[in-house]
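Observations on the model geometry
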Amino acid sequence: MPEDKNEIMHTEEAEEDVYGILDLPAKQQRFIHLYLTGRYKNAELASLLGVHVNTIHNWLRKPEVKRIITEFQKDEHEVVEANLKALRGKAIETMAELMESPIDGIRYQASKDILDRTGHKSVQKMEVKKEVYTYEKQMRDLVDASIPDDLVIELLQDEYEVLDD
């Protein structure tokens, strides 16, 4: 147990400085706190801190600032995940209550949600038939569609007569 006031303050700072944020200048510390709230755009942060928006961008590129933000977000994610996992039991109880609802639509949706989340989702299939035509095939089809067969035969006969002469 710490014996004097300085030792107590030092211990509190050490607990507060888990990420190494106290090694940064005061404005950068404040920036990180505000940035992590997720409430402000970079331009708003610059205005609040009295710096240019490019300074904010530069701070975000600094390895120590990136590391602090990343570590905090990782820890925060773990806390949120733990809290959500703690609510699973309550969610299951709520779904069980909804399964007993006198309203058919609510019972149906609760049943469907439970089945979907436990890997029993209904299979939806869609069959797609796709044919790909080459440019040459498209041109041949256009020519065939626009010239009647008897005209093609006449043209071919005329060409053979020219070749025979």
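Attention here is on the structure that accompanies the text. As the structure is a prediction and not an experimental result, all values here were calculated from the model.

**A look at the environment of Met-95**
Of note, Met-95 is situated in helix α6 (residues 88–99). Met-95 gets classed as partly exposed once you look at its relative accessible area, which sits at 22%. Counting along the chain gives 12 residues from Met-95 to Arg-107, while the straight-line C-alpha distance between them is 9.1 Å. When sequence neighbours within four positions are dropped, the list of residues in contact with Met-95 reads Ala-110, Asp-113 and Ile-114.

**Let's talk about the nonpolar core**
Of all hydrophobic cores here, the largest spans 14 residues; its most connected members are Leu-24, Phe-31, Ile-32, Leu-49, Ile-56, Val-65 and Ile-68. If we ignore the near neighbours within four places in the chain, the residues touching Leu-24 are Gln-29, Ile-32, Glu-64, Val-65 and Ile-68.

**Focus: the pattern of salt bridges**
Scanning the entire structure with this criterion turns up seven salt bridges. Put simply, Glu-71 and Arg-67 hold a salt bridge, and the shortest N to O gap is 3.2 Å. Taken together, the residues span about one helical turn, with Glu-71 and Arg-67 both in helix α5 (residues 63–86) at a distance of four residues. The class of Arg-67 is partly exposed, set by a relative accessible area of 36%. In this structure, Lys-112 engages Asp-116 in a salt bridge whose closest nitrogen and oxygen atoms are separated by 3.2 Å. Residue Lys-112 and its partner Asp-116 are both found in helix α7 (residues 104–117); the two are separated by four residues, about one turn of the helix. Assessed through its relative accessible area of 21%, Asp-116 is described here as partly exposed.

Calculation rules
- Residues numbered from 1 in each chain as written.
- Predicted model: local features only at pLDDT ≥ 70, side-chain atom pairs only at ≥ 80, totals over all residues.
- Heavy atoms only, no water.
- Helix = DSSP H or I, 4+ residues; strand = E, 2+ residues; numbered from the N terminus.
- Buried < 20%, exposed > 50% of the residue type's maximum accessible area, 1.4 Å probe, protein only.
- Contact = heavy atoms within 4.5 Å.
- Core = buried A, V, L, I, M, F, W, Y, C linked by side-chain atoms within 4.5 Å.
- Salt bridge = Lys/Arg side-chain N within 4 Å of Asp/Glu carboxyl O.

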